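As a plain string of letters, each chain reads:
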Amino acid sequence: MSYPIEVALRYLGSKKRAFISVGTTFAILGVALGVAALATVMSVTGGFQAEFRDKVLGVNAHVLVIKYSTDFREYRSIMDQVAQVPGVIGVAPFSINPMMLTHGDATATGVLVKGVDPARSLGVGTDGGAPVLDLPRHILPGGDLTGLRRPGAKPPERGAPPSLPDVPSIEADAGARGALEPPDAGAELDLLKAYEARIQEDERAAAARNARNVDTEPAPSAVDLEGAADAGSDEGEEAEVAVAEGAPRGAIEPEGGYGSVLPDDDELPADVDPDPCADKEQIARMPGIVIGAALAKNLSLDLGQCVTVTSPTIGFSFSNGAIKPPVAKRFRVIAIFEAGFEQYDTKLAYADLYETQAFYDHGDTVTGVEMKVDDIDNASTIAREISKLLSNGLYYTMDWEELNHGLFTALRIQQIGMSAVLALIIVVAAFTVIATLIMVVLDKKKEIAVLKAMGATDGAILRIFLYQGGIIGVAGTTLGLLLGVAVCKGLLVYGFPLDPKVYFISRLPVQARPQEFVITGCIAILICLAATIVPSLYAARLRPAEGFRAQ
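Keep in mind that what you see is a predicted model, and the values were worked out from it rather than measured.

What counts, and where the lines are drawn
Residues numbered from 1 in each chain as written. Predicted model: local features only at pLDDT ≥ 70, side-chain atom pairs only at ≥ 80, totals over all residues. Heavy atoms only, no water. Helix = DSSP H or I, 4+ residues; strand = E, 2+ residues; numbered from the N terminus. Buried < 20%, exposed > 50% of the residue type's maximum accessible area, 1.4 Å probe, protein only. Contact = heavy atoms within 4.5 Å. Areas by Shrake-Rupley, 256 points an atom, 1.4 Å probe, with all protein chains shown as cover. Axes fitted to C-alpha atoms, helices over the stretch in contact; angles between N-to-C directions. Parallel < 35°, antiparallel > 145°, perpendicular 65-115°, else oblique. Left-handed = near helix turned anticlockwise from the far one by under 90°. Nonpolar A, V, L, I, M, F, W, Y, C, P; charged D, E, K, R; others polar. Disulfide = S-S within 2.5 Å. Core = buried A, V, L, I, M, F, W, Y, C linked by side-chain atoms within 4.5 Å. Pairing = 2+ DSSP bridges.

**Q** Lay out the overall build of the protein chain with the relevant residues and their values.
**A** Each helix and strand in the protein chain was counted, giving 20 helices and 11 strands. Sorting the 551 residues of the protein chain into buried and exposed places 36% on the buried side. Taking as baseline every contact in the protein chain between residues at least 6 positions apart, the subset at least 24 positions apart corresponds to 79%. Split by element, the accessible area of the protein chain, about 32000 Å² in all, is 59% carbon and sulfur.

Dropping the structure here:
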C-alpha cells in the first residue's frame, strides 16, 4: 500500500480533533441518504413503467395494422404477408366497437367489445403456437374460454346492395326531347298541362259565381240573424239527442265499484313475451363473452349468466338501402378477467369475431390485424418493416408504445424529472465532502509542509485528498445502495396501497433493477471525486514555507 492511501486513511480516522471524524461521518451519511433516495425513486418509477406495460400488453397486442377504411375484407392476405416478417410469432384479426351492456336494471355504456379469433388470439383449441394476447393468464378461477365460439359458426354475409332503376334507352331522335326522356314523356307532359288548364278554368268559374251571389242577395237583418241562431241551437240539441239516444247517461259505475287495479310495471306475462335469459337451456346455446372484473361487479354478473349487448345506434339507421333498428344480442358470460388496470377492467369485453361482425351489415370485415413479436423492445423496428412491406397508403402500422404514447411518455418524463431532482441531494452531500476536506487541509498544513520538505511531490499530496474523497464517496454509496435495497424490499413485502381510480393500480409498484443501482452508485462516486478536486489542488500547491509560517 502506497503512503498516500495510508495518510488518507489516517486523516479519516484522526483522533486529534473530534470534529474531523464527525464531519467525515456526516459527509458519508449525506451521500448515503442521497443515493438511497435516488435508487428508491428510480425503482418506483421503473416499477410504474413495468406495471403499466404489463397491463397494456396483457390485453393488447404488440403491433397493429389498421386500414384507412371500414371495409377491411382482405385481412387474410395481409395476415399471410406480415406472418413472414422476422420476429413475428403470432397474427390474428380483430374488431372493436363501443357497445352498451345490460343485465337486469344495470346498464354500462361505452364498453369496448373486442371481437377476436379464439384460436389465433387466445390459443383456444390449439396445441402449439403462441397466442397473440396474454388474456388467458388474467382469467379468474372458474372461467373457460372454450365456449367463446359456437360450433359451426361462420362469418356473416355481406348484405346485398339496393337495386337501382333501369337506365332508359336512347332513341335516334332523343335530342329533340332530351337524351334520357322516355318515349311517352311528351304525351304525359301534354296531359299535365290539360289538367292544369282545367283546374284554372274551374277556379275562375267558381269565383265568378261567388261574386254574382254577393251582389244579388240582400244583407240579413238582426231579427233574421237571431232566428237563425235559435234554429241552429235547436238543431244542435236535436242532433245531440239523436246521437245519444239509447246510450247510457251520467256516471256509470258497477255495484261495489271497480275491483281491478292497474299494475305498477307494464310487464308482459312469460307466455306472451318469454325471456331467453330465464331459460338455462337457451343460455347454454348463447355465444360466449369475457368481461372485466369491475364491469361484472357493476352489472352484478357472474359466470353462466346472460348479458345483453346492444349496438350504439340511436334510433333507426340506413344501411345498404334498408332502414334497420339497433342490433341487440344476448351472450353468456364464460369467463371474467382482471388485468389490474381499472380502465380495462371496467370498459373492455371480448367476444367471438363472427358474433361482433353481425352487429354491422358489413359482412366479413375487421377493424385491423394484430401481431405478437418475440421481443417487445424490438416492436418498433418490426412495425417499421411491416409498414415498408405494406407501403401502399391504405394501411397504418403502430406498435404498443405508440398506441399508448401519452401514458409512457408521461412516465418517462416523470422518471427523468424526479431522478434529476433527487440527484441534487447527492450534490448537496458533495458540498459536505468539500467542506470536510477543506477543514482537513487547513488543519494539516504543517503535516503537508513536512511531507513536501521530505520530498513528497505535488501529485502525491493531490492523491492523498483524492483518495480521502473517494473513500467517503465509496462508503456513502455502498451504505446508500444497501439502504435503498432495504427500502425497496420493504415496499414489496408490505405494499403501499394506492387508489385504483386515480393511479389505475392498487399497490405501489417497485422494480429494483441492478443496472439502475449500478448507474446510481457510479454517479454518486463521480460526484464525490469531482468535489475533492478543489481541496486537493489547494493542498498540492501549498508550499512548505507557508505551512511553517504560523509556527
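**Q** Talk me through the side chain of Thr 397; I want residue IDs and the actual numbers.
**A** Along the chain, Thr 397 turns up in strand 11 (residues 395–399). Ignoring any residue separated from it by four or fewer positions in sequence, one finds Thr 397 in contact with Val 63, Leu 64, Val 65, Ala 383, Ile 386, Ser 387 and Glu 402.

**Q** So, the packing of helix 16 (residues 458–494) against helix 18 (residues 514–531): which residues are in play, and what are the values?
**A** Axis angle and axis distance: for two packed helices, these are the angle between their axes and the distance between the axes, and together they describe the pair. Running from N to C, helix 16 and helix 18 point in directions that differ by 150 degrees, and their axes come no closer than 8 Å. Here helix 16 lies roughly antiparallel to helix 18, going by the angle between them. Viewed along their axes, helix 16 and helix 18 form a crossing whose handedness is right-handed. Seen from helix 16, the contacting residues are Leu 466, Gly 469, Gly 470, Gly 473, Val 474, Thr 477, Leu 481, Gly 484, Val 485 and Cys 488; seen from helix 18, they are Phe 517, Gly 521, Ala 524, Ile 525, Cys 528 and Leu 529. Classifying every residue of the contact of helix 16 with helix 18 by side-chain character gives 10 nonpolar, six polar and no charged.

**Q** Help me get a handle on the packing of helix 14 (residues 405–443) against helix 15 (residues 445–453), residues and values and all.
**A** Between helix 14 and helix 15, the shortest axis-to-axis distance is 5 Å and the interhelical angle comes to 65 degrees. Accordingly, the angle class assigned to the pair helix 14 and helix 15 is roughly perpendicular. Every residue of helix 15 that contacts helix 14 at Val 441, Leu 442 and Asp 443 is listed here: Lys 445, Glu 447 and Ile 448. Split into classes, the residues belonging to the contact of helix 14 with helix 15 amount to three nonpolar, no polar and three charged.

**Q** An account of the state of the cysteines is requested, with residue identities and associated values reported.
**A** Tallying each qualifying case throughout the model produces one disulfide. Disulfide pairing places Cys 277 opposite Cys 306 at an S-S distance of 2.1 Å. With Cys 277 in the loop between helix 7 (222–244) and helix 8 (280–284) and Cys 306 in strand 5 (residues 306–310), this residue pair connects regions lying 29 residues apart in the sequence. Relative accessible area serves as the criterion here: at 24%, Cys 277 is assigned to the partly exposed category.

**Q** Kindly report on the nonpolar core, identifying the contributing residues and their values.
**A** Nonpolar side chains in soluble globular proteins tend to end up buried together. Counting 60 residues, the largest nonpolar core has Val 290, Phe 337, Tyr 350 and Ile 386 as the members making the most contacts within it. Sorting elements by how many residues they give to this core places helix 2 (residues 18–59) first, with seven residues. Look past the residues within four positions of Ile 386 in its chain and what remains in contact with it is Val 63, Val 65, Val 82, Val 85, Val 88, Met 371 and Thr 397.

**Q** Give me the pairing of strand 11: which residues, what numbers.
**A** Counting buried positions along strand 11 yields four of five residues, so the element is predominantly enclosed. Pairing between strand 1 (residues 63–67) and strand 11: five bridges, direction antiparallel. Bridging across to strand 11, Val 65 finds its partner in Thr 397.

Don't take any of this as a statement about function, it's just geometry.
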